[in-house]
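Summary of the model geometry
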Amino acid sequence: MHLHYGTAQTLVAVVFLVIALALAVVFAAVAAHAGDEVQFARVQAVGYWIRKRWLAFLVALSVVVVGASFAALPYASGSGAGRTRVSVTAGQFYWALSPAQVVAGTAVRFLITSRDVNHGFGLYDPEGQLIGEAQAMPGYTNTLDMTFARAGHYRVLCLEYCGVGHHLMEGVFTVLPAGQR
Amino acid sequence: MSARESGTDRNIAGLVALTGLALFAVMGIAGLVMRLAQANVLEVSPTWFYPLLTLHGVGMITGALLSGMGALWFVLRTDVALSVGRMIAAYVAILLGTAAVLVATVIGGFAAAWTFLWPLPFDAAGQWSTWATVVFLVGVLLVGVGFLIYCIDVLEQITRAFGGMSRTLGVDYLRGRDPSPPPPQILAGVVVAMAGIAASAAGTTILVALMVYSFDRGAHIDALWAKNLTYFYGHTVANLTIYLIIGALYVLLPRYTGRPWKTTAPIVVGWLLTLIFVLTVYSHHLYMDTVQPRVLEYISSASSDASAIPAAVVTIFSAMMLIWGSGYRWTLTSGLVYLGFAGWTIGGVGAVIDSLMPVNSRLHNTLWVPGHFHTYLLMGVMFWVFAFIAYLLEAAAGRPARTLSAWVALGLMVIGGYGLSAMWFAAGALGVPRRYAVQPPGTTGYSLAASIFTMIFAVGFLVMLAEFWTLAAAGLSQRRMTGVLDPWPMSRENWLAFRQRLALLDRERFGREPSVAPAGERAPDPAPGPALERARARRSVALAGLVVAIVTYPPIYGSAENDLTIHHLIHAGQFLAGGLFGLALGSLAPVSRRMRGGGGDALALVLAIAAPAAMLFAMAPRIYGPLEHHAVLHAAYHLGMGILGLLAGLGCARFGRVAGWFVLLAAVSMALLWAPGVIGA
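Here we summarise the structure given alongside this text. All values reported here derive from a predicted model rather than from experimental measurement.

**Let's talk about the overall build of chain A**
Counting secondary structure elements, chain A contains two helices and nine strands. When the helices and strands of chain A are placed in sequence order, the string is α-α-β-β-β-β-β-β-β-β-β. In terms of overall size, chain A is more extended than a compact globule, its C-alpha atoms giving a radius of gyration of 24 Å where 181 residues would be expected to give roughly 16 Å. Each principal axis of the C-alpha atoms in chain A carries an extent, and together these give about 75 × 40 × 30 Å. Of all 181 residues assigned to chain A, the portion counted as buried reaches 45%. Counted over contacts in chain A with a minimum sequence separation of 6, partners at least 24 positions apart contribute 66%.

Shown next as structure tokens:
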């Protein structure tokens, strides 16, 4: 399976790159002025003025960003009524999904567990974009809600190191075209 | 002649830091091998790749930890009577632990990753044997014990020198009751020590639980519980490698800026918040476990994001203010210090982004994760470690490193290091899983590019090492074995201002004998007091122990019907009762006198560390189970719990009031942690 950049991941990477470059510019600017001779009292006066606003900006940004993230949690919610339940059992080194296929448009709740060690249920769409994941843990059932609008073969890779065959664990979840069974 | 003047401090700190550097170099080779394997340049079978991965993770963190410990120890020794014996004991324990991990992975083929997530260490799919698992666990435990000894000493000696928690954490200063607060490296030391002891409690509990399983397959370990403890331990220790070396930067950076880094209200608040955050962030490793209590995820997410604020607003911003317009001279040391701030900042942003739950659902356990932690650990922490070593060597040689060597080394390491991280970030955004011996089709190009960047970094690193060698040779030839930074013999036209600054700093910091008792201007206490110096305190604590004993000892008959978790909590109470008695007993003058000196100190450490661990082992179902139906044996077992507590309390009494109580409570917490996680089949 060939992987592909997901829209969400691309956006995150671009944001990170922009911030990293901006920081690099700031550090370069400070470095450029490091060798100057400026009275420390003057630096402190300007610095404290900037720092208060920098603090206020970061606090505000944190509240907004973290608050928004709390409002957009990626977790399953509710009883799952109306969702097709798909049992996922991970083992060294395989995936067992039941049922292993649904029809397009189906809302699914994956119930994920492991029969041996920790694994990571990583779901990739037919184009190879990572669209969701949850851990597979022995003795527990983690849940992941997904709605499959598009038909195709969705791949499952292991996203939690589980032993010598970790990189070989690949499963398939098939979404059939609407109307087909 | 003081320890500083004889060079003991520098020699010990240098040895510890250089050992960490050597570990880094060896683990770096392992890292390069892995990248080349993933690039299909080298043929490395998965049966070798994954043990290497395991070794690399543990070894790198241990190397960074060791170097940071040495650096902070060196700067703290100016004002705090840290123990040479305990530093050596910690060093030896960590070396032995590292050797054990090496044996377990390279010879035993142990490959459960540094996370040793239960039950993988015992579900090897035929790749390694139980002996390798046990040796690995012992190794990691020894590394943890070494760090614990160090933390106990730092907490004990700082609080003896500067006063109680409210002074050493700067709270008195915030409340206007302390006109001369401790220097910022003291705050760093206290926070590291407290967090380190807390992490050790959790780490010891999970490690002992796994060791119990190795001989008692009837023990059922809860997988979620194990994951929580493992990540609390591992994340916190890795996080503390940053704060250890930052403590040293408070002294190192002023050397080059001519501006002292003093304790201010923002620094105090920053460290108080950091102490809270460092202990509450770990659950971001469990975002993809939906069974994890949601409240922990909320707390962790808020903490992970908020933890960036003290760093960005206090530490990094203050450093930039100190550097701006300071006439900063670019040497190998000063360059490494500066670049380290950039690495920490950029890597930190990558981490904070990943700590948002919606983002994490697309990046969790992809290569984004090694991307961000390699950035702040390699380009941040390790650059600062290099800086500390460069600082010691430049002082020994009496001159800075050669400019060309410095620029070549720094340039190559910057290009190589950020290139390496960038490849991980890019592959992570693509969705490439981490810890894959064989990369998904079409992605080996990232590994190939990363390998090239690693080699560029390695060349820069070797250039730096060559310069270290030159400086060391110059230092040895000049026999400059002092622990004090001598003014460098620099040419007037290039270094005049710099020399003036150094002289100023030397007068401020080294022009007088270090005072180890700024609090109340007390002279250093040659006979350090026990935890409970007053008779009234001893009586109160003993009485409290009696009350706890009364509450927890009687439920012996019919105990078989009790819930096992409740029963283990009762054991924790029995241990606590004994611990309180031990603390009071150990604080009595005749007992306290016997615990002074090297032998007594070693005994105290052994008791405080071994007794709680023994208590956990004794709660193995195989040991405990058969006793449940024998009233007398059961009663004796409970008494044994109390005796182990007594021994732990005796040891803790030696550490003084603050460290003594803190370590005892950490020990009791181990039993509380054990209760819900380890039960019989």
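**Description of the overall build of chain B**
Scanning chain B from N- to C-terminus turns up 25 helices and two strands. For chain B, the C-alpha atoms occupy an extent of roughly 85 × 70 × 45 Å along the three principal directions. Looking at chain B residue by residue over its 681 residues, the buried ones come to 64%. Counted over contacts in chain B with a minimum sequence separation of 6, partners at least 24 positions apart contribute 83%. In the form shown here, chain B has an accessible surface area of approximately 22800 Å², with 69% of it arising from carbon and sulfur atoms. Taken as two groups, the 40 positive and 29 negative side-chain charges of chain B have centres that lie 7 Å from each other.

**So, the pairing of strand 8 (residues 152–158) of chain A**
Residues and elements named next belong to chain A. Strand direction decides the pairing type here: strand 5 (residues 119–124) and strand 8, joined by four bridges, are antiparallel. If you follow F121 over to strand 8, its bridge partner there is C158. By the bridge criterion, six bridges tie strand 8 to strand 9 (residues 170–176) in an arrangement that is antiparallel. Opposite H153, over in strand 9, you have T174 as the bridge partner.

**Here we look at the nonpolar core**
Counting residues in hydrophobic clusters, the biggest one holds 269 residues, and the most contacted among them are F110(A), F121(A), F148(A), Y150(B), F341(B) and F386(B). The biggest single contributor to this core is helix 9 (residues 223–257) of chain B, with 22 residues. Those residues in contact with F148(A) that sit more than four places away from it in its chain are V102(A), A104(A), G105(A), T106(A), V108(A), F110(A), L123(A), I131(A), Y154(A), F173(A) and V175(A).

**Details of the interface of chain A and chain B**
In this complex, chain A contributes 75 residues to the contact, which on the side of chain B involves 87 residues. Carbon and sulfur atoms supply 68% of the area buried between chain A and chain B, which totals about 6900 Å² over both sides. Considering only the side of chain A, the residues that lose the most area to chain B are F27(A), Y75(A) and Y161(A), jointly responsible for 11% of the buried surface there. Counting every contact that joins chain A to chain B gives zero salt bridges. On inspection of chain A and its partner chain B, the count reaches 36 residue pairs in polar contact (both at pLDDT 80 or more). Within the residue set of the side of chain A that touches chain B, elements represented by two or more residues are helix 1 (7–34), helix 2 (40–71), strand 6 (130–136), strand 7 (142–148) and strand 8 of chain A. Per element, the largest residue contribution to the side of chain A that touches chain B is 16 residues, and it comes from helix 2 of chain A. Partitioning the side of chain A that touches chain B into residue classes produces 47 nonpolar, 22 polar and six charged.

**A word on unusual backbone geometry**
Going from S98(A) to P99(A), the amide bond is cis rather than trans, its omega being -5°. Tracing the backbone through its elements, the reader meets P99(A) in the loop between strand 2 (94–98) and strand 3 (101–103). Going from W118(B) to P119(B), the amide bond is cis rather than trans, its omega being 5°. Relative to the elements of secondary structure, P119(B) occurs in the loop between helix 4 (84–107) and helix 5 (130–162). Unusually for a residue other than glycine, N40(B) sits at a positive phi of about 60°.

**Describing the pattern of salt bridges**
Residues and elements named next belong to chain B. Taken as a whole and assessed by the stated rule, the structure comprises 15 salt bridges over all chains. Close ionic contact of E156 with R86 constitutes a salt bridge, the shortest N to O distance being 2.8 Å. Of this pair, E156 sits in helix 5 while R86 is found in helix 4, placing the two residues 70 residues apart along the sequence. A residue is classified by how much of its surface remains accessible, and E156, at 1% relative accessible area, is buried. In this structure, the salt-bridge partner of E156 is R160, at a minimum N-O distance of 2.9 Å. Of this pair, E156 and R160 both sit in helix 5, separated by four residues, roughly a single helical turn. What emerges from the salt-bridge pattern is a single network uniting R86, D153, E156, R160, D601 and R654.

**Let's talk about a nonpolar patch on the surface**
Residue and element names in this part refer to chain B. Judged by side-chain polarity, W48, L102, V103, V106, I107 and W131 come together as a nonpolar surface patch covering roughly 580 Å² of accessible area. Ranked by residue count, the leading element in the nonpolar patch is helix 4, at four residues. Summarising the element assignment, V103 is placed in helix 4. The class of V103 is partly exposed, set by a relative accessible area of 33%.

**Observations regarding helix 15 (residues 368–397) of chain B**
All names here are of chain B. For helix 15, spanning 30 residues, the distance from its first C-alpha to its last is 41 Å, which sits close to the expected 44 Å at 1.5 Å a residue. The principal kink in helix 15, of about 30°, is found at H374. Within helix 15, 29 of the 30 residues are buried, which leaves it mostly tucked inside the rest of the structure.

**Here's the deal with the sheet that holds strand 8 of chain A**
Residue and element names in this part refer to chain A. Across the sheet, five strands lie side by side as 3-9-8-5-6; this open sheet has mixed pairing. Looking at strand neighbours, the two that pair on one side only are strand 3 and strand 6, the edges of this open sheet. When strand polarity is set aside, the average angle formed by the axes of neighbouring strands in this sheet is 25°. Sheet topology note: the strand 5/strand 6 ladder contains six bridges and is antiparallel. Across the sheet, residue L123 finds its bridge partner in strand 6, namely G132.

**Focus: the side chain of T133(B)**
Residue and element names in this part refer to chain B. Examined against the element boundaries, T133 turns out to sit in helix 5. The exposure class of T133 is buried, given its relative accessible area of 0%. Within polar-contact distance, the side chain of T133 engages the backbone oxygen of P121 at 2.7 Å. Among residues more than four places away in sequence, those in contact with T133 are F110, P121, F122 and W128.

**Here we look at the packing of helix 2 of chain A against helix 11 (residues 294–306) of chain B**
Running from N to C, helix 2 of chain A and helix 11 of chain B point in directions that differ by 155°, and their axes come no closer than 10 Å. For the element pair helix 2 of chain A / helix 11 of chain B, the angle class is roughly antiparallel. As for the relative orientation of helix 2 of chain A and helix 11 of chain B, their crossing is right-handed in sense. Listed contacts from helix 11 of chain B to S62(A), V66(A), S69(A) and F70(A) of helix 2 of chain A are Y298(B), S301(B), A302(B) and D305(B). Considered class by class, the residues forming the contact of helix 2 of chain A with helix 11 of chain B number four nonpolar, three polar and one charged.

**Remarks on the sheet that holds strand 7 of chain A**
Residue and element names in this part refer to chain A. Pairing within the open sheet is mixed, and its four strands lie in the order 2-1-4-7. Since the sheet does not close on itself, it has two edges, and those belong to strand 2 and strand 7, each with one partner. Ignoring strand direction, the axes of neighbouring strands in this sheet form an average angle of 25°. Where strand 4 (residues 106–114) and strand 7 come together, seven bridges link them in antiparallel fashion. Considered in strand 7, the bridge of A107 is made with T147.

Thresholds applied
Residues numbered from 1 in each chain as written. Chains lettered and ligands numbered in written order. Predicted model: local features only at pLDDT ≥ 70, side-chain atom pairs only at ≥ 80, totals over all residues. Heavy atoms only, no water. Helix = DSSP H or I, 4+ residues; strand = E, 2+ residues; numbered from the N terminus. Rg over C-alpha atoms; globule rule 2.2 N^0.38 Å. Buried < 20%, exposed > 50% of the residue type's maximum accessible area, 1.4 Å probe, protein only. Contact = heavy atoms within 4.5 Å. Areas by Shrake-Rupley, 256 points an atom, 1.4 Å probe, with all protein chains shown as cover. Lys, Arg positive; Asp, Glu negative; His and termini not counted. Charge placed at Lys NZ, Arg CZ, Asp CG, Glu CD. Pairing = 2+ DSSP bridges. Core = buried A, V, L, I, M, F, W, Y, C linked by side-chain atoms within 4.5 Å. Buried area = accessible area lost by both parts, 1.4 Å probe. Salt bridge = Lys/Arg side-chain N within 4 Å of Asp/Glu carboxyl O. Polar contact = N/O pair within 3.5 Å; in protein donor to acceptor, adjacent residues only side chain to side chain. Nonpolar A, V, L, I, M, F, W, Y, C, P; charged D, E, K, R; others polar. Patch = residues over 30% accessible without salt bridge, like charges linked within 9 Å, V, L, I, M, F, W, Y side chains within 5 Å. Expected span 1.5 Å × (residues − 1). Bend = angle between axes of the 7 residues up to and from the residue. Axes fitted to C-alpha atoms, helices over the stretch in contact; angles between N-to-C directions. Parallel < 35°, antiparallel > 145°, perpendicular 65-115°, else oblique. Left-handed = near helix turned anticlockwise from the far one by under 90°.

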